[in-house]
2 protein chains.
Amino acid sequence: MSNITKLEIIDLRFPTSREKDGSDAMNPDPDYSAAYVVVHTDAADSLEGHGFTFTIGKGNEVVCAAIKALEPLVIGKDTVEVFANMGTFWRSLSNANQIRWIGPEKGVIHLATAAVVNAVWDLYAKVEGKPLWKLLSDMSPEELVSICDFRYVTDVLTPDEAIERLHTKKAGKAAREQEMIDGGLPAYTTSAGWLGYDDDKIIRLTREAIADGWDHIKIKVGNGVDDDIRRLRIIRNEIGPDRKLMVDANQVWDVDEAIEYVQKLSEFDLWWVEEPTSPDDVLGHASIAKQIAPIRVATGEQIQNRVVWKQLFQSEAIGFAQIDSCRLGGVNEVVTVLLLAEKFGIPVCPHAGGVGLCELVQHLSLFNYVAVTGDLTDVVVEYVDHLHEHFLDPVVMHDGKYVPPKKPGYSAEIHRDTLERFEFPQGAEWAQS
Amino acid sequence: MSNITKLEIIDLRFPTSREKDGSDAMNPDPDYSAAYVVVHTDAADSLEGHGFTFTIGKGNEVVCAAIKALEPLVIGKDTVEVFANMGTFWRSLSNANQIRWIGPEKGVIHLATAAVVNAVWDLYAKVEGKPLWKLLSDMSPEELVSICDFRYVTDVLTPDEAIERLHTKKAGKAAREQEMIDGGLPAYTTSAGWLGYDDDKIIRLTREAIADGWDHIKIKVGNGVDDDIRRLRIIRNEIGPDRKLMVDANQVWDVDEAIEYVQKLSEFDLWWVEEPTSPDDVLGHASIAKQIAPIRVATGEQIQNRVVWKQLFQSEAIGFAQIDSCRLGGVNEVVTVLLLAEKFGIPVCPHAGGVGLCELVQHLSLFNYVAVTGDLTDVVVEYVDHLHEHFLDPVVMHDGKYVPPKKPGYSAEIHRDTLERFEFPQGAEWAQS
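Remember, it's a predicted structure, so these values are computed and weren't measured experimentally.

**Q** I would appreciate a short explanation of unusual backbone geometry in the present structure.
**A** Comment: phi is negative for the bulk of residues other than glycine, and the bulk of peptide bonds are trans. A:Phe424 connects to A:Pro425 through a cis peptide bond whose omega is 0°. Position of A:Pro425 among the secondary structure elements: in the loop between helix H16 (416-421) and helix H17 (428-431). B:Gly103 connects to B:Pro104 through a cis peptide bond whose omega is -15°. Along the chain, B:Pro104 turns up in the loop between helix H3 (86-94) and helix H4 (107-128). Backbone geometry at A:Glu105 places phi at a positive 55°, although glycine is not the residue there. Here A:Glu105 shows up in the loop between helix H3 (86-94) and helix H4 (107-128). If you check the backbone angles, B:Tyr152 has positive phi at about 75° while not being a glycine.

**Q** Before we go on, may I ask you to explain the domain arrangement of chain A in this structure?
**A** The accessible area lost on association of the parts is a frequent measure of interface size. All names here are of chain A. Here the domain parsing of chain A yields domain 1 (4-130) and domain 2 (166-417). The straight-line distance from the C-alpha centre of domain 1 to that of domain 2 is 23 Å. Interface area for domain 1 against domain 2, summed over the two sides, is near 3200 Å², with a carbon-plus-sulfur share of 61%. It is Phe14, Ala25 and Phe52 in domain 1 that bury the most area against domain 2; as a group they hold 17% of the surface buried on that side.

**Q** What's the story with the pattern of salt bridges in this structure? I'm lost.
**A** Close approach of charged atoms allows side chains of opposite charge to pair. Residue and element names in this part refer to chain A. Under the counting rule described, the total for this entry stands at 68 salt bridges over all chains. When the shortest N-O distance is used, the salt bridge between Glu267 and Arg233 registers 3.2 Å. Taken together, the positions of Glu267 in the loop between helix H11 (255-263) and strand S7 (270-274) and Arg233 in helix H10 (residues 225-239) put the pair 34 residues apart, joining distant regions of the chain. In this structure Arg233 comes out as partly exposed when scored by relative accessible area, which is 46%. Residues joined in a network through salt bridges with shared partners are Arg91, Glu105, Asp149, Arg306 and Glu333.

**Q** Would you explain helix H1 (residues 60-70) of chain B in this entry?
**A** Counting buried residues in H1(B) gives eight out of eleven residues, a clear majority hidden from the surface. Buried within H1(B) are the following residues: B:Asn60, B:Val62, B:Val63, B:Cys64, B:Ala66, B:Ile67, B:Ala69 and B:Leu70.

**Q** Would you explain the pairing of strand S6 (residues 244-248) of chain A in this entry?
**A** Residue and element names in this part refer to chain A. When you tally the buried positions in S6, you get four out of five residues, the bulk of the element. Sheet analysis places strand S5 (residues 216-220) next to S6, joined by five bridges and oriented parallel. Along S6, the bridge assignment pairs His216 with Lys244. Each parallel crossover has a hand, and the one from S5 via H10 to S6 is right-handed. Pairing geometry for S6 and S7, over four bridges, is parallel. Note that in S7 the partner of Met246 across the bridge is Trp272.

**Q** Sorry, what's going on with the side chain of B:Asp280 here?
**A** With respect to the helices and strands, B:Asp280 occurs in the loop between strand S7 (270-274) and helix H12 (282-292). On the basis of relative accessible area, B:Asp280 is assigned to the buried category, the value being 7%. Once you skip the residues sitting within four places of it in the chain, B:Asp280 turns out to touch A:Pro104, A:Lys106, A:Gln304, A:Asn305, A:Val307, A:Val308, A:Gln311 and B:Gln304.

**Q** Which parts of the structure should I look at to understand the relation of the copies chain A and chain B?
**A** One copy of the chain maps onto the other through a rotation about an axis plus a displacement along that axis. Rotating chain A by 180° and translating it 0.0 Å along the rotation axis places it on chain B, where the RMSD comes to 0.0 Å. Such a combination of rotation and displacement between the chain copies is what one expects of a two-fold axis. Residues of chain A ranked by C-alpha distance from the rotation axis are headed by A:Gly107, positioned 2.5 Å from it. The residues that chain A uses at the interface reappear at the interface of chain B in 100% of cases, marking a shared surface.

**Q** Help me out: how do you make sense of the nonpolar core in this one?
**A** Nonpolar side chains tend toward joint burial in soluble globular proteins. Formed by 296 residues in total, the largest nonpolar core has its most connected members in A:Trp121, A:Leu136, A:Trp309, B:Trp121, B:Trp309 and B:Tyr402. Each residue touching B:Trp121, except ones within four places of it in the same chain, is listed here: B:Met86, B:Leu132, B:Leu135, B:Leu136, B:Met139, B:Ile147, B:Val331 and B:Asn332.

**Q** Looking at this model, I keep getting lost on the interface of chain A and chain B. Mind explaining?
**A** Taken together, the contact pairs 62 residues of chain A with 62 residues of chain B. For the chain A and chain B pair, buried surface summed over both sides reaches about 5100 Å², with 53% attributable to carbon and sulfur atoms. Contact with chain B buries surface across chain A, with A:Gln98, A:Trp101 and A:Ile102 losing the most and accounting together for 18% of the total. Where chain A packs against chain B, one counts four salt bridges. A salt bridge links B:Lys106 to A:Asp280, with the shortest nitrogen-to-oxygen separation between them at 3.0 Å. At the junction of chain A with chain B, the criterion picks out 38 residue pairs in polar contact (both at pLDDT 80 or more). Of all the secondary structure elements, the ones that give two or more residues to the side of chain A that touches chain B are strand S3 (49-55), helix H1 (60-70), H4, H11, helix H12 (282-292) and helix H13 (306-314) of chain A. Among the elements that take part in the side of chain A that touches chain B, H1(A) stands out by supplying six residues, more than any other.

**Q** Help me out: how do you make sense of the sheet that holds strand S1 (residues 4-13) of chain B in this one?
**A** Two strands in a sheet stick together by hydrogen bonds in their backbones, pointing the same way (parallel) or opposite ways (antiparallel). Residue and element names in this part refer to chain B. If you trace the three strands from one edge of the open sheet to the other, you get S1-S2-S3, paired in antiparallel fashion. Edge strands, defined here as strands with exactly one partner in the open sheet, are S1 and strand S3 (49-55). When strand polarity is set aside, the average angle formed by the axes of neighbouring strands in this sheet is 20°. Across nine bridges, S1 lies against strand S2 (residues 33-41) in antiparallel orientation. Its bridge partner being in S2, Arg13 is matched across the sheet by Ser33. Sheet strands touched by H4: S1, S2 and S3. Its angle to S3, the strand with the most contacts, is close to 150°.

**Q** Just to check I follow, could you spell out the packing of helix H8 (residues 173-183) of chain A against helix H15 (residues 357-373) of chain A for this structure?
**A** Two quantities define a packed helix pair, namely the angle between the helix axes and the distance between the axes. Residues and elements named next belong to chain A. Relative to each other, H8 and H15 sit at 150°, their axes nearing to 8 Å. Compared by their axis directions, H8 and H15 come out roughly antiparallel. Between H8 and H15, the residues in contact are Lys173, Arg176, Glu177, Glu179 and Met180 and Leu366, Tyr369, Val370 and Ala371, respectively. The class makeup of the residues in the contact of H8 with H15 is five nonpolar, no polar and four charged.

**Q** Even after reading the chapter, I still don't get the packing of aromatic side chains, so can you show me in this structure?
**A** Any two aromatic rings considered together are summarised by their centre-to-centre distance and by the angle between their planes. The tally for this structure, following the rule as stated, stands at 34 aromatic pairs over all chains. Between the aromatic rings of B:Tyr36 and B:Phe52, the centroid separation amounts to 6.2 Å while the plane-to-plane angle is 5°, which identifies the pairing as stacked. Residue B:Tyr36 is found in strand S2, and its partner B:Phe52 is found in strand S3; the two are separated by 16 residues along the sequence. Note on accessibility: B:Tyr36 and B:Phe52 belong to one class, buried. The side chain of A:Arg176 reaches across the aromatic face of A:Tyr369, ending 6.0 Å from its centre.

**Q** How should the pairing of S3(B) be read in this particular structure?
**A** Within a regular strand, the side chains alternate between the two sheet faces. Residues and elements named next belong to chain B. Counting buried positions over the seven residues of S3 gives seven, a clear majority of the element. The two faces of S3 match: Gly49, Gly51, Thr53 and Thr55 on one face and His50, Phe52 and Phe54 on the other face are all buried. Bridge count for S2 against S3 is seven bridges, and the pairing is antiparallel. If you follow Val37 over to S3, its bridge partner there is Gly51.

**Q** Got a minute to help me understand the packing of helix H11 (residues 255-263) of chain B against H12(B) in this structure?
**A** Residues and elements named next belong to chain B. It is the contact of H11 with H12, at a shortest axis distance of 9 Å, that shows an interaxial angle of 25°. Looking at the two axes, H11 sits roughly parallel to H12. As for how H11 packs across H12, the hand of that crossing is right-handed. When H11 is examined against H12, the residues Val255, Ala258, Ile259, Val262 and Gln263 are found in contact with a partner set consisting of Gly284, Ser287, Ile288, Gln291 and Ile292.

Conventions we followed
- Residues numbered from 1 in each chain as written.
- Chains lettered and ligands numbered in written order.
- Predicted model: local features only at pLDDT ≥ 70, side-chain atom pairs only at ≥ 80, totals over all residues.
- Heavy atoms only, no water.
- Helix = DSSP H or I, 4+ residues; strand = E, 2+ residues; numbered from the N terminus.
- Domains from an automatic or database assignment.
- Buried area = accessible area lost by both parts, 1.4 Å probe.
- Salt bridge = Lys/Arg side-chain N within 4 Å of Asp/Glu carboxyl O.
- Buried < 20%, exposed > 50% of the residue type's maximum accessible area, 1.4 Å probe, protein only.
- Pairing = 2+ DSSP bridges.
- Right-handed = clockwise from strand over helix to strand, strands pointing away.
- Contact = heavy atoms within 4.5 Å.
- Least-squares fit on C-alpha atoms with pLDDT ≥ 70 in both.
- Core = buried A, V, L, I, M, F, W, Y, C linked by side-chain atoms within 4.5 Å.
- Polar contact = N/O pair within 3.5 Å; in protein donor to acceptor, adjacent residues only side chain to side chain.
- Axes fitted to C-alpha atoms, helices over the stretch in contact; angles between N-to-C directions.
- Parallel < 35°, antiparallel > 145°, perpendicular 65-115°, else oblique.
- Nonpolar A, V, L, I, M, F, W, Y, C, P; charged D, E, K, R; others polar.
- Phe/Tyr/Trp six-rings, centres within 6.5 Å; stacked < 30°, edge-to-face > 60°.
- Lys NZ or Arg CZ within 6 Å of the ring centre and 35° of its normal.
- Left-handed = near helix turned anticlockwise from the far one by under 90°.

Right, here's the structure in full:
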């Protein structure tokens with residue numbers, strides 16, 4: 001038996017806006033940041049749980065304040081008890097008395113929930129001596145369903161049906177696990193097409209991407225149709241007709257505007273259009289999807305919780321589910337959404353990039369393939385080549401694929417000297433700016 | 001010309017959980033709280049803008065932290081410029097660079113936006129020497145539309161159409177204003193039916209409510225159908241067949257559960273069922289509405305922004321719109337939603353109670369009747385008799401109706417000694433507990 005003794009909360013920010021990395025039509029100068037948590041216990045093993053949620057700079061301190069508000073719900077908890085009842089633990093945070101009001105299950109408090117929950121899962125996986133994807137993959141259908149909160153989604157998927165569906169995927173699990181270890185998880189890159197880059201940089205990065213084995217390329221759009229057409233033409237010309245090309249509008253359009261705009265891009269054989277409008281507009285996405293077919297709609301990085309996901313699936317609003325490992329309330333809710341996506345047959349292509357999102361989502365997608373879907377059709381996981389050097393167990397890419405992590409945990413741990421140097425505002429990186 | 005010099009931020013909490021006031025199936029022991037803001041300027045008139053958002057206790061400090069994050073966007077702003085361009089001002093907060101990520105337009109950061117925006121409107125109305133409802137009612141259709149953000153709602157209502165619709169309501173405005181001053185705004189009460197009250201207290205409070213002139217009574221349900229049937233029987237027996245009876249489930253049900261549960265209450269001739277399920281579940285509400293008709297669905301106190309409101313209207317999910325003056329991003333977004341509700345012909349019956357919500361919503365509903373709808377069919381404004389004594393310009397009720405406020409401002413200002421006594425955790429009320 002060991003108890004959680006402390007949450008160490010760090011407001012971590014990287015000055016990425018200085019290089020325009022990550023710039024898009026909605027977010028011109030993000031400073032990739034993490035509201036970062038270390039779970040300490042009084043166990044003799046001295047293992048720590050590391051977790052975080054991703055933000056783009058200002059406001060990161062508000063998420064840290066929200067983590068602080070959740071701290072009393074965690075301190076003193078027996079880790080054995082927590083690990084054996086992860087569903088109950090999750091509900092105790094996402095549905096906390098009084099605190100629920102400032103969500104519920106959305107925005108700042110849900111981002112904070114994700115950070116804490118991710119840290120606890122990291123610790124759990126370390127204690128079990130497995131990478132998170134393997135820990136999840138080894139759970140029985142009953143165990144998996146027990147970590148999920150089905151509140152508000154039982155009209156489309158009950159726990160019993162979820163268990164049944166998982167049982168049908170047990171055959172072949174070992175083979176799929178080996179397949180992933182041998183061949184890796186398919187990925188795509190956004191590195192070439194940020195809005196702030198000039199044409200020469202786009203051409204150079206696109207050529208590098210092809211040379212590195214990428215078959216799917218995504219660029220940012222939405223700052224003007226003529227500019228987008230020019231950039232799409234450059235890239236389509238570079239990648240040829242067979243590689244997949246996707247665009248990401250980062251929510252800049254209204255519904256009718258999205259339909260008109262995307263129709264003007266029809267010559268480029270787009271595979272998906274990402275975030276065409278507000279992440280809150282389920283019916284809007286459904287309407288856009290209908291009008292721009294066969295181009296498919298993708299969204300997810302700002303889809304707040306499983307209730308909105310449920311509706312996106314119900315209304316046939318999306319062709320790709322870009323679940324976010326930190327926007328949702330951590331591992332438990334992600335698993336719930338994976339079960340929903342499987343039921344509706346929608347491929348999951350997680351949102352990544354930022355800081356550490358690649359490190360996290362590889363675990364979720366590996367688990368999803370091995371234990372939930374058994375199907376890689378149209379599955380690609382986002383990959384962006386930023387900030388991996390700060391992680392103890394960074395992602396490893398090979399021929400455009402994610403190589404499954406082997407170390408115990410959720411690959412979330414950042415080097416101690418990075419935590420000190422980039423802590424805002426007192427770290428050396430910020431104090432001198 | 002005068003500039004905003006300071007936001008004074010106060011974490012204000014009332015220990016209402018000691019008396020079980022406000023208890024419901026989801027929120028067993030709320031401490032009614034406000035993340036409270038005073039806008040100070042360097043103007044010679046020494047007027048202050050007071051505003052707040054409502055929470056139920058823990059987490060209020062997180063909202064205060066979010067207000068602090070918005071402060072740099074407000075300090076130094078010229079008030080004349082701000083008042084002349086309230087739409088631009090609103091967008092500068094709700095769509096702030098980097099900060100937008102931790103919403104967008106939802107949860108903690110949107111609650112904080114509401115507090116700041118409400119305070120600025122209070123100041124604006126004081127400077128103009130008018131109560132807020134009158135300030136809004138005197139605006140031209142063009143001015144009103146200019147304060148709204150139509151982003152993400154133009155597929156159902158464009159600014160031009162909104163202006164046209166408002167023009168058609170100009171006739172009769174003066175008469176409706178006089179009607180309100182003479183007769184007041186229709187209201188209903190929730191005072192009698194909190195879940196924590198015993199039967200004797202329910203009977204006593206129901207009789208008092210009838211004696212005070214109330215024709216609409218609402219009670220909390222959701223803790224078990226037998227218990228609810230017993231309490232509904234008591235109250236229906238007391239109020240007779242003609243008075244309206246409504247129930248509020250505070251989101252405790254899943255979709256199918258809500259339908260089954262409400263069908264078991266059919267003998268009580270319910271007027272509405274409030275918050276049957278998750279506030280995020282547009283399609284769920286639509287499904288419930290279809291199944292429980294002619295009982296109508298009401299929701300709103302946790303509807304996060306105009307985008308979700310738009311969809312509730314589009315999908316015929318609700319029969320009553322219970323807009324919240326603080327959950328939405330303050331006056332500007334409320335006006336946008338009032339325009340949407342008018343277009344779809346849904347009566348607006350604002351959420352009130354808590355601390356100060358009655359003080360705010362009376363302004364919004366008076367304006368809505370005078371300038372937007374010209375129609376009182378099925379319109380009742382919630383009223384709860386709590387905490388009004390702390391306000392400089394508290395609501396005045398007469399025969400179950402709100403008497404229109406006359407003092408300049410948004411009626412949001414709380415006595416200075418209350419702000420000191422109930423400030424958390426250092427105020428006298430908390431320091432001794």
